[in-house]
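As a plain string of letters, each chain reads:
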Amino acid sequence: MITLTYSAAFITFFSVIGPPKVLLAFASLAQNHPLGQLRTIALISSGGAVLVGVVAGFTAPWLLELFHISTAALALAGGIIFFLYAVGLVLGLHVGGVEGDDGPDLTSGVRELLMPYVVSPLALTAVLIEAAERDAWSWRSTVVGAYVTVIAIDLLCVFVLGVLLQRTHHTAIELLARLIGLLLAAVGVDLFLDGLFDLGITALGKRG
């Protein structure tokens with residue numbers, strides 16, 4: 001997962017929290033929220049994601065030191081959490097929100113985006129590992145800049161494709177959720193194996 005340039009960092013974040021993964025969550029919200037409210041939710045959640053990413057990126061070395069966490073342990077934990085989330089998608093289990101909500105509103109919409117978007121375990125794992133790779137403010141600024149760029153692209157896609165997301169049939173969204181959930185589960189496993197590799201368990205880690 002280690003990158004050395006802005007473009008490589010951008011590709012990393014685009015792959016873990018880019019539109020292909022984020023739009024599915026917004027498509028689900030679009031079934032119950034009017035377009036104007038969906039865009040407001042996108043703005044609020046994107047702002048939250050940027051805030052979390054910026055804080056995590058610039059404080060990564062101190063956060064890892066404060067909690068005595070190695071990058072390998074972070075990769076293991078991020079992989080497990082993301083795997084469990086992906087399994088929920090495959091099985092059609094609802095992650096986020098609270099039973100008994102009176103109806104769709106801004107709060108419930110943002111709450112449903114907490115795990116997959118605002119505090120995505122995969123994205124934050126990438127931010128922390130990448131930012132901690134070099135002890136330099138310039139490098140952390142590069143990582144944060146690449147992350148914020150991807151969030152901006154996600155937001156733009158929601159604004160441009162909002163109408164299309166609302167017209168997508170619920171059955172199609174369910175099918176896509178299960179397919180993408182399977183792929184994301186594999187991503188979680190791969191991240192977990194990366195953590196094992198970093199711990200020296202080469203037989204189960206990266207190959208080649």
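Residues numbered from 1 in each chain as written. Predicted model: local features only at pLDDT ≥ 70, side-chain atom pairs only at ≥ 80, totals over all residues. Heavy atoms only, no water.

### Some details on the overall build of the protein
- A tally of regular secondary structure across the protein gives nine helices and zero strands.
- Counted from the first residue to the last, the protein has its helices and strands arranged as α-α-α-α-α-α-α-α-α.
- When each of the 208 residues of the protein is scored for burial, the buried share is 40%.
- The long-range fraction of contacts in the protein, counting pairs at least 24 apart against all pairs at least 6 apart in sequence, stands at 83%. (Helix = DSSP H or I, 4+ residues; strand = E, 2+ residues; numbered from the N terminus. Buried < 20%, exposed > 50% of the residue type's maximum accessible area, 1.4 Å probe, protein only. Contact = heavy atoms within 4.5 Å.)

### Describing the pattern of salt bridges
- Evaluated as defined, the whole model comprises one salt bridge.
- Put simply, Asp135 and Arg140 hold a salt bridge, and the shortest N to O gap is 3.6 Å.
- Overall, Asp135 belongs to the exposed group, its relative accessible area being 71%. (Salt bridge = Lys/Arg side-chain N within 4 Å of Asp/Glu carboxyl O.)

### Quick look at the layout of surface pockets
- In this structure, the second largest pocket encloses a volume near 200 Å³.
- Taken together, the elements giving at least two residues each to the lining of the second largest pocket come down to α3 (35–66), α4 (71–91) and α7 (121–132).
- Tallied by class, residues from the lining of the second largest pocket come to eight nonpolar, two polar and no charged. (1 Å grid on protein atoms, 1.4 Å probe; cavity = no way out; pocket = protein on both sides within 12 Å on 5 of 7 lines; lining within 4 Å. Points joined across faces, edges and corners; volume = space filled by probe spheres on them. Nonpolar A, V, L, I, M, F, W, Y, C, P; charged D, E, K, R; others polar.)

### Notes on helix α8 (residues 137–167)
- The terminal C-alpha atoms of α8 lie 44 Å apart, and with 31 residues this matches the ideal 45 Å at 1.5 Å per residue to within 8%.
- Along α8, the helix axis deviates most sharply at Leu161, where the bend reaches about 65 degrees. (Expected span 1.5 Å × (residues − 1). Bend = angle between axes of the 7 residues up to and from the residue.)

### Digging into unusual backbone geometry
- A positive phi angle, close to 55 degrees, is found at His68, a residue other than glycine.
- Along the chain, His68 turns up in the loop between α3 and α4.

### Examining the nonpolar core
- Phe13, Ile17, Phe26, Leu113, Tyr117 and Tyr147 are the most contacted members of the largest nonpolar core, which has 51 residues in total.
- The element that contributes the greatest number of residues to this core is α8, accounting for 10 residues. (Core = buried A, V, L, I, M, F, W, Y, C linked by side-chain atoms within 4.5 Å.)

### Comments concerning the confidence of the model for the protein
- Model confidence for the protein is summarised by a mean pLDDT of 83, while 86% of its residues fall at 70 or above.
- Mean pLDDT across the elements of the protein ranges from a minimum in helix α9 (residues 170–198), with 75, to a maximum in α3, with 94. (pLDDT = per-residue confidence, 0-100.)

### Some details on α3
- The largest bend in α3 is about 75 degrees, located at Ala60, with the proline Pro61 one to four residues further on.
- Every buried residue of α3 is listed here: Leu38, Ile41, Ala42, Ser45, Ser46, Ala49, Gly53, Ala56, Gly57, Ala60 and Leu64.
- Where the residues of α3 are buried, they touch α2 (19–30), α4, α5 (106–112), α6 (114–118), α7 and α8.
- Following α3 by one or two positions, His68 adopts a phi angle in the positive range, close to 55 degrees.

### Examining the environment of Ile44
- Tracing the backbone shows Ile44 in helix α3.
- When the C-alpha positions of Ile44 and Val110 are compared, they lie 7.3 Å apart, and in sequence the two are 66 residues distant.

### Focus: the side chain of Asp154
- Among the secondary structure elements, Asp154 is positioned in helix α8.
- Look at Asp154: it is buried, it has no salt bridge, and the nearest opposite charge is Lys21 at 9.9 Å.
- Beyond its immediate sequence surroundings of up to four residues, Asp154 is in contact with Ile17, Gly18, Pro19, Val22 and Tyr117. (Lys, Arg positive; Asp, Glu negative; His and termini not counted.)

### Side note on a nonpolar patch on the surface
- Taken together, Ile80, Phe83, Leu84 and Val189 make up a surface patch of nonpolar side chains, about 340 Å² in accessible area.
- Tracing the chain through its elements places Val189 in helix α9.
- For Val189, a relative accessible area of 37% translates into the label partly exposed. (Patch = residues over 30% accessible without salt bridge, like charges linked within 9 Å, V, L, I, M, F, W, Y side chains within 5 Å. Areas by Shrake-Rupley, 256 points an atom, 1.4 Å probe, with all protein chains shown as cover.)

### Structural notes on the environment of Ala49
- Locating Ala49 in the fold gives a position in helix α3.
- Considered as a pair, Ala49 and Val119 are 70 residues apart in the sequence and their alpha carbons are 6.5 Å apart.

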